[in-house]
Amino acid sequence: MFQDNPLLAQLKQQIQENLPKKEGTIKATEKGFGFLEVDSKNSFFIPPPYMKKCLHGDKVVAIIRTENEKEVAEPQELLEPSLTRFIGRVKLYKGKLNVTPDNPQLKRQSLKAKVQKGLNPEHFSEGDWVVAQLVNHPLKDDSGFMVEITHKITDANDKIAPWWVTLAENDLPNSEPAGIEHWQLKDDAALQRLDMTHLPFVTIDGASTKDMDDALFAQRTENGDFTLTIAIADPTAYITPDDEMDSVARERGFTIYLPGRNIPMLPRDLADDLCSLMENEVRPALCCTVTVTKEGVIGDDITFFAANIKSHARLVYDHVSDWLETGTSADWQPSDQIASVVRDLYDFSLARAQWRETYAVVFPDHPDYRFELSEDNDVVAIHADLRRSANRLVEEAMITANICAGKTLKAHFGQGVFNTHAGFKPEKIADVVELVNPTGELEYTADNLATLEGFASLRRWLCKQDTRYLDNRIRKYQAYSEIGNQPLPHYAMGLDIYATWTSPIRKYGDMINHRMLKAHILNKEPVQTPDESVGEELALHRKHHKMAERNVGDWLYARTLVNEPSKGTRFTAEIFDINRAGMRVRLLENGAAAFIPGSLILDNKERIECNAESGTLLVDKEVVFMLGDTLEVVLADVNMENRSLIAKPTQVFEPLPMPSEANTTIQGE
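Keep in mind the model is a prediction, meaning the values are calculated, not measured. (Residues numbered from 1 in each chain as written. Predicted model: local features only at pLDDT ≥ 70, side-chain atom pairs only at ≥ 80, totals over all residues. Heavy atoms only, no water.)

(A) Region of the structure containing the overall build of the protein. Summing up its helical and strand segments, the protein has 16 helices and 30 strands in all. On the principal axes, the C-alpha backbone points of the protein span a range of 100 × 75 × 50 Å. In the protein, 65% of the contacts between residues at least 6 apart in sequence involve partners at least 24 apart. Here the protein has roughly 33,900 Å² of accessible surface; of this, 47% comes from carbon and sulfur atoms. A distance of 5 Å separates the average location of the 74 positive side-chain charges in the protein from that of its 102 negative side-chain charges. (Helix = DSSP H or I, 4+ residues; strand = E, 2+ residues; numbered from the N terminus. Contact = heavy atoms within 4.5 Å. Areas by Shrake-Rupley, 256 points an atom, 1.4 Å probe, with all protein chains shown as cover. Lys, Arg positive; Asp, Glu negative; His and termini not counted. Charge placed at Lys NZ, Arg CZ, Asp CG, Glu CD.)

Structure follows, in structure tokens:
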């Protein structure tokens, strides 16, 4: 009776209208209660009954009332739900569909579900992976939560789930585009291709690579300089900007590389066959020839041209590296002609690497971690592949080629698809100076570090330091690399211009640059130029691809290392992040990222301080760990649901004497 009384309802509404209101974000806990986080300093307790109307991450307006002499928040209005489209797993309660979001903060939240029209609810089983959409929210329509399953991703126990689920989560395609029956060359009639099939180009790739997109030739001149010719696969010979396939390539942006498999940007019959620079097969290519001096300086005689080329040798990184580093390879013996080409390419690469180390920026070597999978998608091994001689050879050739393209596009069109980097964030330069030059003895000033030369000089100086601490600190002050249509410098590489065109099979931006370079060859206006949105599109694609690659990797690491905590296996770990809760480290044996909470370093939280700003961890106000440090750890827990690793140091910090006692020391220092 009282519940339906309009006077009581009106009185309740008046009381609520007079209560203070706050906007904030919901933070849920495992115990059923939560908090309304208004800002970094203010939050309000949300009792369990009120939490039933919201989810972790919801942005809401809540009224603030006093209950039992304590301020509490009651969410009233939904501003932005934390869930819209999401990935989840089917839960069956008394035969009825529910979905649990695949989110560490929402895994205990089971939401009632229905299926989209056209789907059969009986086709869904416990644990199946699905894509769902939130359709009802209690703060919107005063009903309970309801989600709609839009499609099934895969079965509960599918071993390929890490790939399918991650691709669906990032709204990425899970297969290559469909090809067509007959590809035809569609070059501009005026584009004359030179016959370069006699030139002994070589390709150097991984043993399993099929989409070989670059072939190289170098020859030393009488005065010791090098003539370098780079031939790049030419998909724009088959695809015009008006073709449907061009729209597909732009929508994808890049080939997606995930552990154990890739999803091509272009159809495989084009990427792996017609355009792939296969040994002894004539292929259309876009080429660049340039002189590089014995001191590693790129000449002004940059020449782009279209050609038909033929790879004379399909080489493998490790075989070539063995031959270069030891003089022999058990798996490869080159002919005299191919040996001469490879040796000249290698000498060229040494000259360029020395020039970049002196005048630009060369990044420290880090291993690439590679998952080896069985036929049924179990992890057989994780390999740490170091960059060897042949890898560096190809890298220097590609960097040289991209510098040549950048110079040409800038000079002739003033635009293109450029990779750029702006150096330090302007508001952080003063912090960098204070960090690296506190006494003013070094050359680094705010004005100096705002220039390309100053930035590159500092990066070179950092590479020579005994510790990576400063390098790790300073990276937080750097801008992000970008893709844009303006010819701006790339500070992180120490280069005044950089435009990639060497992977058009795998990058849509490189296809645009190919078309512009062909226009340069023909002395015509380009059939396609990049608008301002292209860079943003490509950057977004790249972001999603990196997230997908990392997520699949996390899943496979959890699968592979799940039994290591019980074994007590010891790993060497490098600290790459310190935050207020602890440290993030990378296991150097396999590349896995793990978190070390402060409580596993020392159980007395009063004695420990994790300082994110300085990148240090202190015990009793003494620095114990810094960014870049290595330490020995064991895995304490592998959470398969969250795909996360928790580690702890093997070193134990014993209780210290009381502060009043003299000569206090930290055990183990």
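More follows now that the structure is in view.
(B) The arrangement of the sheet that holds strand 27 (residues 616-619) in detail. With antiparallel pairing, the three strands of this open sheet are ordered in space as 26-27-28. At either end of the open sheet lies a strand with only one pairing partner, and these are strand 26 (608-611) and strand 28 (622-626). When strand polarity is set aside, the average angle formed by the axes of neighbouring strands in this sheet is 25°. (Pairing = 2+ DSSP bridges. Axes fitted to C-alpha atoms, helices over the stretch in contact; angles between N-to-C directions.)

(C) Up close: the pattern of salt bridges. This structure, assessed with the given rule, holds 41 salt bridges. A salt bridge links aspartate 620 to arginine 607; the nearest nitrogen and oxygen atoms lie 3.1 Å apart. Placement of the pair is aspartate 620 in the loop between strand 27 and strand 28 and arginine 607 in the loop between strand 25 (593-597) and strand 26, with a sequence separation of 13 residues. Overall, arginine 607 belongs to the buried group, its relative accessible area being 17%. Salt bridges here are not isolated pairs; linked through shared partners, they connect Arg356, Asp365, Arg387, Arg392, Glu395 and Glu396. (Salt bridge = Lys/Arg side-chain N within 4 Å of Asp/Glu carboxyl O. Buried < 20%, exposed > 50% of the residue type's maximum accessible area, 1.4 Å probe, protein only.)

(D) Geometry of the UniProt feature "domain: S1 motif" (unreviewed entry) in the protein. Under the feature "domain: S1 motif" (unreviewed entry), the UniProt entry names residues 568-650. Between the C-alpha atoms that bound residues 568-650 the distance is 10 Å, and the span itself is 0% helix and 60% strand. (UniProt positions renumbered as here; feature names shortened; annotations may be inferred.)

(E) Looking closely at the packing of helix 9 (residues 389-412) against helix 14 (residues 508-522). Viewed as axis vectors pointing N to C, helix 9 and helix 14 meet at an angle of 60°, and their least axial separation amounts to 11 Å. In this view, helix 9 runs oblique relative to helix 14, as classed from their interaxial angle. Once helix 9 is placed against helix 14, the crossing between them reads as left-handed. Here Ala405, Thr408, Leu409 and His412 of helix 9 lie close against helix 14, whose contacting residues are Asn513, Met516, Leu517 and His520. Grouping the amino acids of the contact of helix 9 with helix 14 by side-chain chemistry returns four nonpolar, four polar and no charged. (Parallel < 35°, antiparallel > 145°, perpendicular 65-115°, else oblique. Left-handed = near helix turned anticlockwise from the far one by under 90°. Nonpolar A, V, L, I, M, F, W, Y, C, P; charged D, E, K, R; others polar.)

(F) How the structure looks around the domain arrangement of the protein. Here the domain parsing of the protein yields domain 1 (17-80), domain 2 (85-158), domain 3 (194-422 + 479-541) and domain 4 (562-649). Summarising the inter-unit geometry, the C-alpha centres of domain 3 and domain 4 are found 38 Å apart. (Domains from an automatic or database assignment.)

(G) Local environment of the layout of surface pockets. Size it by volume and the second largest pocket reaches roughly 1,000 Å³. Lining the second largest pocket are 37 residues; nearest its centre among them are Pro104, Leu106, Lys107, Arg108 and Glu641. Mapped by element, the contributors of at least two residues to the lining of the second largest pocket are helix 2 (48-51), strand 6 (85-93), strand 7 (96-101), helix 4 (161-169) and helix 15 (532-561). A class-by-class count of the residues in the lining of the second largest pocket yields 15 nonpolar, 10 polar and 12 charged. (1 Å grid on protein atoms, 1.4 Å probe; cavity = no way out; pocket = protein on both sides within 12 Å on 5 of 7 lines; lining within 4 Å. Points joined across faces, edges and corners; volume = space filled by probe spheres on them.)

(H) Spotlight on the sheet that holds strand 8 (residues 111-115). Within the closed barrel, the five strands sit side by side as 6-7-8-10-9. Their pairing is mixed. Strand-to-strand twist across the sheet, computed as the mean angle between neighbouring axes with direction ignored, equals 55°. Note that strand 9 (residues 129-136) and strand 10 (residues 146-154) share seven bridges and pair antiparallel. Each bridged residue has a counterpart across the sheet, and for valine 131 the counterpart in strand 10 is histidine 151.

(I) Local environment of unusual backbone geometry. Not every positive phi belongs to a glycine, and glutamate 69 is a case in point at roughly 60°. You can see glutamate 69 is positioned in the loop between strand 4 (59-67) and strand 5 (70-80). Glutamate 69 sits in the exposed class, given a relative accessible area of 82%. Here asparagine 377, not a glycine, exhibits a phi torsion of approximately 70°, which is positive.

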